[in-house]
Amino acid sequence: MSRPNLQVALDHSDLASAIKDVVTVGDIVDIVEVGTILCLQAGAEAVRCIRALYPHKKVVADTKCADAGGTVAKNCRESGADWMTVICCATIPTMKAAAKEVEEVQVELYGDWTYEQAQNWLDAGITQAIYHQSRDALLAGETWGEKDLAKVKKLIEMGFRVSVTGGLDVETLKLFKNLDVYTFITGRGITASADPQKAAQDFQDEIKRIWG
């Protein structure tokens, strides 16, 4: 198994606070994500700023695009994003249109989706998927468990590079020790901590301890 990436999600409501946080951890993480809320609040300017700060990092625009995939993806690419996300209920034509404009498209798995749909994404050339514990589910008391791990394992076996996100902390990582996870994504697990730089390094140290 390869060592998973660490991705910081900038789930901020304004660009200034996102920049304040990312400059403390950007050199430690592997991937920087302009989160959905920040995309909505600051738009392309947020992507441009993050690209300018980290020209050699992968930058993700977490648009959760549901329609107009080609247009949204073109705008993301021109702003400096390498990857963008599409919501799993988007049509295959929307996903394909987006995939023509950016380096890679990631399918965000929310709500009800099937492995039949997942196979259709693979057949369309989409090979990245993001498995979530949603913010609202976590607030309702749900936690990571065997049902989640089984789904992640199945998606990996199908041929996806699977990222996982949602309420992750350093202690959570060991749950995935037998899985070839592509990326661990965390936002507040790093940016809302008392010492974001230490939190990011703790995540990386644990990833290296488990996956080598």
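As the structure is a prediction and not an experimental result, all values here were calculated from the model.

### Regarding the environment of Asp82
Turning to step 1, where the next piece is worked out: Within the secondary structure layout, Asp82 lies in the loop between α3 (69–79) and β4 (83–87).
Turning to step 2, where the next piece is worked out: Each C-alpha atom, one on Asp82 and one on Arg51, is 9.4 Å from the other, the two residues being 31 residues apart in sequence.
Turning to step 3, where the next piece is worked out: The residues touching Asp82, leaving out its near neighbours within four places in the chain, are Arg51, Lys57, Lys58, Val59, Val102, Glu103 and Glu104.
Turning to step 4, where the next piece is worked out: A polar side-chain atom of Asp82 sits 2.8 Å from the main-chain amide nitrogen of Val59.

### So, helix α1 (residues 15–25)
Turning to step 1, where the next piece is worked out: Taken together, the buried positions of α1 are Leu15, Ala18, Asp21, Val22 and Val25. Looking straight down α1, one finds its buried side chains confined to an arc of 130°; they lie on one side. In this structure, α1 carries Ala16 and Lys20 as exposed residues pointing more than 90 degrees from its buried face.
Turning to step 2, where the next piece is worked out: Where α1 is buried, its residues meet β1 (5–10), β2 (31–34), α2 (36–53), α8 (188–191) and α9 (196–211).

### As for the pattern of salt bridges
Turning to step 1, where the next piece is worked out: Under the counting rule described, the total for this entry stands at 14 salt bridges.
Turning to step 2, where the next piece is worked out: Note that Glu78 is salt-bridged to Lys74, the shortest N-O span being 2.8 Å. On the criterion of helical spacing, the pair formed by Glu78 and Lys74 is a turn pair, its members being four residues apart in helix α3.
Turning to step 3, where the next piece is worked out: Take Lys74: its relative accessible area is 35%, and that puts it in the partly exposed class.
Turning to step 4, where the next piece is worked out: Between Arg77 and Glu101 there is a salt bridge, and its shortest N-O distance comes to 2.8 Å. With Arg77 in helix α3 and Glu101 in the loop between α4 (92–99) and β5 (104–109), this pair connects stretches of sequence that are 24 residues apart.

### Remarks on the side chain of Thr172
Turning to step 1, where the next piece is worked out: When you line up the elements, Thr172 lands in the loop between β7 (161–165) and β8 (183–186).
Turning to step 2, where the next piece is worked out: Using a relative accessible area of 9% as the deciding quantity, one classes Thr172 as buried.
Turning to step 3, where the next piece is worked out: Excluding anything up to four places from it in sequence, Thr172 contacts Trp144 and Gly167.

### Re the pairing of β1
For a regular strand, the rule is simple: side chains alternate between the two faces of the sheet.
Turning to step 1, where the next piece is worked out: Burial analysis of β1 places six of its six residues in the buried class, the great majority of the element.
Turning to step 2, where the next piece is worked out: The alternating pattern of β1 places Asn5, Gln7 and Ala9 on one face and Leu6, Val8 and Leu10 on the opposite face, and all of these are buried.
Turning to step 3, where the next piece is worked out: Across four bridges, β1 lies against β8 in parallel orientation. For Leu6, the partnering residue across the bridge sits in β8 and is Phe184.
Turning to step 4, where the next piece is worked out: Note that β1 and β2 share four bridges and pair parallel. Within β2, the residue paired with Ala9 across the bridge is Glu33.
Turning to step 5, where the next piece is worked out: This β-α-β element, β1 to α1 to β2, shows right-handed connectivity.

Calculation notes
Residues numbered from 1 in each chain as written. Predicted model: local features only at pLDDT ≥ 70, side-chain atom pairs only at ≥ 80, totals over all residues. Heavy atoms only, no water. Helix = DSSP H or I, 4+ residues; strand = E, 2+ residues; numbered from the N terminus. Contact = heavy atoms within 4.5 Å. Polar contact = N/O pair within 3.5 Å; in protein donor to acceptor, adjacent residues only side chain to side chain. Buried < 20%, exposed > 50% of the residue type's maximum accessible area, 1.4 Å probe, protein only. Arc of directions from axis to C-beta. Salt bridge = Lys/Arg side-chain N within 4 Å of Asp/Glu carboxyl O. Pairing = 2+ DSSP bridges. Right-handed = clockwise from strand over helix to strand, strands pointing away.

Geometric descriptors of this kind do not, in isolation, establish any biological role.
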